[in-house]
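The lines below spell out each chain.
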Amino acid sequence: MDLNFSESDAAFREEVRDFLRSNYPADIREKMERGVRLGREDFVRWQQVLFERGWAAPNWPVEHGGTGWSATQKYIFSTELALANTPAIIPFGLSMVGPVIYTYGSEAQKQRFLPDILASRVWWCQGYSEPGAGSDLASLKMRADRDGDHYVINGTKTWTTLAQFADWIFLLARTTSDVARKQEGISFILADMRSAGISVRPIITIDGEHEVNEVHFENVRVPLNNLVGEAGKGWTYGKLLLQHERAGIAAVARSKVRLARLRQLASETPEGGEALLADPVFRRKLAAVDIELLALEYTDLRTLSAVATGGAPGPESSILKIKGTEVQQAIDELYMEAAGCYALPFTPELYASPDIDDAQRIGPPWAADTTPHYLNGRKVSIYGGTNEIQKNIISKAVLGL
Amino acid sequence: MDFSLTDEQSLLKDSLERFIRSDYDFDTRRTQLRSELGYSQTTYARFAEFGWTAVPFAEEDGGFGGGPIELMILMEQFGRGLVIEPYLASIVMAGGVLRHGGSAQQKARWLPGLIDGSITGALACQEPYGRFDPARVRTRAEHHDGGWTLSGHKAVVLNARDAELIIVPARSAGDVSARDGISLFALAQGTTGVSLRSYPTVDGLQAADVTLEGVVVGADAMIGKEGHGLAILERAIADATLAVCAEAVGIMAVLVDKTVEYSKSRKQFGLPIGAFQALQHRMVEMFMEHEQTRSLLYMAAMKLAAGDDDAGRGLHALKYQVGRAGRRIGQEAVQIHGGMGVTDELDVAHYFKRLTAIGSSFGTADDHLGRYAG
């Protein structure tokens, strides 16, 4: 048992750090630090910085533009991106549809789509959930009926993150309704968001933001060529996509950054007041979350070590999503509590815009978005399979119940 | 970054696993627990034969030079078997003080017996109002005729009744909680002025409150330097804390497995109770708590082994988690086993008791959270 990274891995970490020091755009960094809303172009520009360096898609096979990194290098890379507080990589292209296309797509689809995904020239969104199909995704109703050399698509997708920015959507739709199991007859289809009959309706989230949407399809004609793999196998493909990205699923490094910042803020003495860190109750709550996160970090590392030494991830890897989101939400709560009475003002026009400086914010600048962030953050235990669904999976797959 | 064991460590683990599985059955353990001694001397002699009692000691002292990782491996298996032999008190605690602070003469006098299992030891590391702080020592040590006179009261000393050697911290200078001024003394069994009030503990082990009244010892009984015993004591307690945490993780693993298995066979309302989602999710919680605790155990053992500056904080994190998760896993295991879970007949109840006892040994979850928080 050894806590240290090998010399070559440590050198790799230095290489990543050097790169980030000189290539992480200062304006995006400042927005991230101030909690200002990022625009489409911020995400794209950052992903293109990584692309230029050849680091856009560490998980992809080398022949499609991947890095050929070891599991440990991928872990280090994702950790360093988080420690540098870089924007999250938008997953829909690089982590989701890309791997499905290079695994199951035709040669023509690979050539047509992969280069644009890799270079973040095309923005993708994900058409999975429907108003009547959330946790029970296989009960989805969207239909894709054949008509000559096209599918005609009808139905509604929901919770479609950043669809307002998207050029393309990948979706699960029913191509056969006469099936024994509801998981059958579902196909994985790619659609151009400019197609006639697609309309996007914003859903405003609890923090007042426009992050998710409903996407309606009314007689949308999509060429048969846009079917990925075989018709009716979409459920299998879609599941692969959900388990593809392991590195970073627990969000350990991001939570560490947030917790360290909170400790710093809580140690500062406000004028005429007392530092929150002087309160033993708050200090213990902080310590309890810190320990939970430390445990999670080592659970993550155990998984990494198993994979890096040629084994499969152990049963402990199944808990990363649940524990990771629990820790994120616990940190959200602590920030809100730390903000005191300044947890109340709701002023997105002051904190979300890059043009308003800190002095114009109400209360301590860092406090401005703590409650909206807490409110929005309730989503993390809901999306990507609720934590209850995750527990069902562990119960069945790991405990054999 | 590597969590795999060396070949030697794997061998140690395999031999322990084999022994616990085939030679340490629950019914024999129960019979031994009810015997006058409270454990099996024959079994303890086998621990010595296998070399397990020698693991933590240096090679020049007749040991194998094992460290925190080896201790963790041993104790996790002892937890799985719910071992009642006095390895913790004798080898980890009393042996630990000698290992970290004993002179060559003291080691020569005591270690061969501890290692071959012919004698056992005890460490009187707490006092009635000490609240798990080893620096809170009221017991006095006064100079006397070239030696020392000791007087005071030691609380819940594990294995004191049967130990040939009791190590006693006593204060020769300073206030009740001063870090300086504590000296350690090796007392042979039967020393005049030492009286014991012995009792079983909730988990079936033996302990005693020890009263020292004008106990006269020679200068050669002092372990380490006068007034500088605390650092030695703390190292032994750190080892013991890691040891009981590893034991607890072994117990947790057994409780998770036994509960899941039971829920597959126990039928109510025409279904195995494991088919009910309310119970499934609770068992998943038990599983997650166990894995998170195991992660912290590896972290703490690796940091101790590496001599990391952060090792002390790592232990606080671990012991907090063991206390908190141990309570939850133990309670859930009992709850899901239903009425049987609160009987003396079922092994689960005994695992729960030991886990509960560990929660009140070397500091509770709250004590360690407080120290971690600073």
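What counts and what doesn't
- Residues numbered from 1 in each chain as written.
- Chains lettered and ligands numbered in written order.
- Predicted model: local features only at pLDDT ≥ 70, side-chain atom pairs only at ≥ 80, totals over all residues.
- Helix = DSSP H or I, 4+ residues; strand = E, 2+ residues; numbered from the N terminus.
- Rg over C-alpha atoms; globule rule 2.2 N^0.38 Å.
- Buried ≥ 20, exposed ≤ 12 C-beta atoms within 10 Å, placed from the backbone.
- Contact = placed C-beta atoms within 7 Å.
- Nonpolar A, V, L, I, M, F, W, Y, C, P; charged D, E, K, R; others polar.
- Expected span 1.5 Å × (residues − 1).
- Axes fitted to C-alpha atoms, helices over the stretch in contact; angles between N-to-C directions.
- Parallel < 35°, antiparallel > 145°, perpendicular 65-115°, else oblique.
- Left-handed = near helix turned anticlockwise from the far one by under 90°.
- Pairing = 2+ DSSP bridges.
- Core = buried A, V, L, I, M, F, W, Y, C linked by C-beta atoms within 7 Å.
- pLDDT = per-residue confidence, 0-100.

Chemist: Just give me the short version of the overall build of chain B, but keep the residues and values in it.
Modeler: When you go through chain B residue by residue, the secondary structure sums to 11 helices and 10 strands. Taken against the 2.2 N^0.38 rule, which gives 21 Å for 374 residues, the C-alpha radius of gyration of chain B at 21 Å falls within 12% of a compact globule. Projected onto its principal axes, the C-alpha coordinates of chain B cover approximately 80 × 45 × 45 Å. Taking all 374 residues of chain B together, 52% fall into the buried category. The long-range fraction of contacts in chain B, counting pairs at least 24 apart against all pairs at least 6 apart in sequence, stands at 74%.

Chemist: Could you give an account of the overall build of chain A, with specific residues and numbers?
Modeler: In terms of regular secondary structure, chain A is built from 13 helices and eight strands. Relative to a compact globule of 401 residues, whose C-alpha radius of gyration would be 21 Å, chain A shows 22 Å and is just as compact. Considering only C-alpha atoms, chain A reaches an extent of 75 × 50 × 50 Å along its principal axes. Expressed as a percentage of its 401 residues, the buried residues of chain A come to 38%. Sequence-distant contacts, at least 24 apart, represent 68% of the contacts inside chain A between residues at least 6 apart.

Chemist: Tell me what's going on with the interface of chain B and chain A, and back it up with residues and numbers.
Modeler: Listed by partner, the interface residues are 33 residues for chain B and 32 residues for chain A. Only helix H7 (230-265), helix H8 (277-306), helix H9 (311-337) and helix H11 (365-373) of chain B provide two or more residues apiece to the side of chain B that touches chain A. The class makeup of the residues in the side of chain B that touches chain A is 19 nonpolar, 10 polar and four charged.

Chemist: Give me helix H10 (residues 320-338) of chain A: which residues, what numbers.
Modeler: For H10 of chain A, with 19 residues, the first-to-last C-alpha span of 27 Å sits near the 27 Å given by 1.5 Å per residue. Residues of H10 of chain A that are buried include every one of Leu-320, Lys-321, Ile-322, Lys-323, Gly-324, Thr-325, Val-327, Ile-331, Asp-332, Leu-334, Tyr-335 and Ala-338 of chain A, and no others. Looking at the buried residues of H10 of chain A, the elements they touch are helix H8 (252-267), helix H9 (280-308), helix H12 (370-376) and helix H13 (387-397) of chain A together with H8 of chain B. Where H10 of chain A ends, the next residue or the one after it, Gly-340 of chain A, has phi of about 60 degrees, a positive value.

Chemist: An account of unusual backbone geometry is requested, with residue identities and associated values reported.
Modeler: Positive phi values are uncommon outside glycine, yet Leu-162 of chain A reaches one of about 50 degrees. Residues other than glycine seldom take positive phi values, yet Arg-131 of chain B does so here, at roughly 50 degrees. With respect to the helices and strands, Arg-131 of chain B occurs in the loop between strand S1 (121-123) and strand S2 (140-144). Taking the number of C-beta atoms within 10 Å as the measure of exposure, Arg-131 of chain B has 11 and is therefore exposed.

Chemist: Got a sec to walk through the packing of helix H5 (residues 91-104) of chain A against helix H6 (residues 107-118) of chain A? Specific residues and values, please.
Modeler: Residue and element names in this part refer to chain A. Between H5 and H6, the least distance of the axes is 10 Å, while the angle of their chain directions is 160 degrees. The angle between H5 and H6 places the two elements in the roughly antiparallel class. Considering how the two elements wind past one another, H5 and H6 form a crossing that is left-handed. Contacts from Gly-93, Leu-94, Val-97, Gly-98, Ile-101 and Tyr-102 in H5 reach Gln-109, Lys-110, Phe-113, Leu-114 and Ile-117 in H6. Among the residues forming the contact of H5 with H6, the class breakdown is seven nonpolar, three polar and one charged.

Chemist: A description of the environment of Val-200 of chain A should follow, citing residues and the corresponding values.
Modeler: All names here are of chain A. Here Val-200 shows up in strand S6 (residues 198-204). Along the backbone, Val-200 and Glu-388 are 188 residues apart, and their C-alpha atoms lie at a distance of 29 Å. Look past the residues within four positions of Val-200 in its chain and what remains in contact with it is Ala-163, Gln-164, Asn-213 and Val-215.

Chemist: Residue-level account of the pairing of strand S4 (residues 168-174) of chain A, with values.
Modeler: Residues and elements named next belong to chain A. Of all seven residues in S4, seven are buried; the element is thus mostly enclosed. The alternating pattern of S4 places Trp-168, Phe-170, Leu-172 and Arg-174 on one face and Ile-169, Leu-171 and Ala-173 on the opposite face, and all of these are buried. Where strand S1 (residues 124-127) and S4 come together, four bridges link them in parallel fashion. Residue pairing in the sheet places Gln-126 in a bridge with Phe-170 of S4. Examined bridge by bridge, S4 and strand S5 (residues 186-192) share seven bridges and lie antiparallel to one another. What sits directly across from Arg-174, in S5, is Ile-186.

Chemist: Tell me about the pairing of strand S4 (residues 165-171) of chain B, and name the residues and values.
Modeler: Here is the key point about a regular strand: its side chains alternate between the two faces of the sheet. Residue and element names in this part refer to chain B. Counting buried residues in S4 gives seven out of seven residues, a clear majority hidden from the surface. Burial along S4 is two-sided: Leu-165, Ile-167, Pro-169 and Arg-171 facing one way and Ile-166, Val-168 and Ala-170 facing the other are all buried. In the sheet, S1 pairs with S4 via three bridges, with the strands oriented parallel. Paired with Ala-122 across the two strands is Ile-166, which belongs to S4. Pairing geometry for S4 and strand S5 (residues 182-188), over seven bridges, is antiparallel. Residue pairing across strands places Arg-171 opposite Ile-182, the latter belonging to S5.

Chemist: I'd like a rundown of the nonpolar core, residues and numbers included.
Modeler: Counting 163 residues, the largest nonpolar core has Ile-166, Ile-167 and Phe-185 of chain B as the members making the most contacts within it. The leading source of residues in this core is H7 of chain B, at 19 residues. Residues within four places of Ile-167 of chain B in sequence aside, it is in contact with Ala-94, Val-97, Gly-121, Leu-123, Ala-124, Leu-184, Ala-186 and Ile-223 of chain B. Counting 48 residues, the second-largest nonpolar core is a separate cluster that includes Val-97, Leu-190, Val-222 and Tyr-237 of chain A.

Chemist: Can you lay out the packing of helix H4 (residues 68-81) of chain B against H7 of chain B for me, pointing to particular residues and giving the numbers?
Modeler: For any two helices packed against each other, one specifies the crossing angle of their axes together with the interaxial distance. All names here are of chain B. At their nearest, the axes of H4 and H7 sit 7 Å apart, and the two run at 40 degrees to each other. Here H7 runs oblique to H4, going by the angle between their axes. Crossing geometry of H4 relative to H7 is assigned as right-handed. Facing H4, whose interface residues are Pro-68, Leu-71, Met-72, Met-75, Glu-76, Gln-77, Phe-78, Gly-79 and Arg-80, H7 presents Asp-239, Leu-242, Ala-243, Ala-246, Glu-247, Ala-248, Val-249, Gly-250, Ile-251, Ala-253 and Val-254. Partitioning the contact of H4 with H7 into residue classes produces 13 nonpolar, three polar and four charged.

Chemist: Break down the confidence of the model for chain B for me, citing the residues and quoting the values.
Modeler: Interpretation of this model should avoid reading the predicted coordinates in detail wherever pLDDT is low. Here chain B averages 97 in pLDDT, while 100% of its residues score no lower than 70. Both scores are given for the predicted complex: the pTM is 0.96, the ipTM 0.95.

Chemist: Account for the environment of Pro-86 of chain B, naming residues and giving values.
Modeler: All names here are of chain B. Inspection of the secondary structure puts Pro-86 in the loop between H4 and helix H5 (87-101). Sequence separation of Pro-86 and Val-156 is 70 residues, and the distance between their C-alpha atoms is 15 Å. Those residues within four positions of Pro-86 in sequence are excluded, and the remaining contacts are Tyr-39, Thr-120 and Asn-159.

Chemist: Just give me the short version of the environment of Arg-378 of chain A, but keep the residues and values in it.
Modeler: All names here are of chain A. Counting through the fold element by element, Arg-378 comes out in the loop between H12 and H13. For Arg-378, a count of 14 C-beta atoms within 10 Å puts it in the partly exposed group. For the pair Arg-378 and Ile-206, spaced 172 residues apart in sequence, the C-alpha to C-alpha distance is 9.6 Å.

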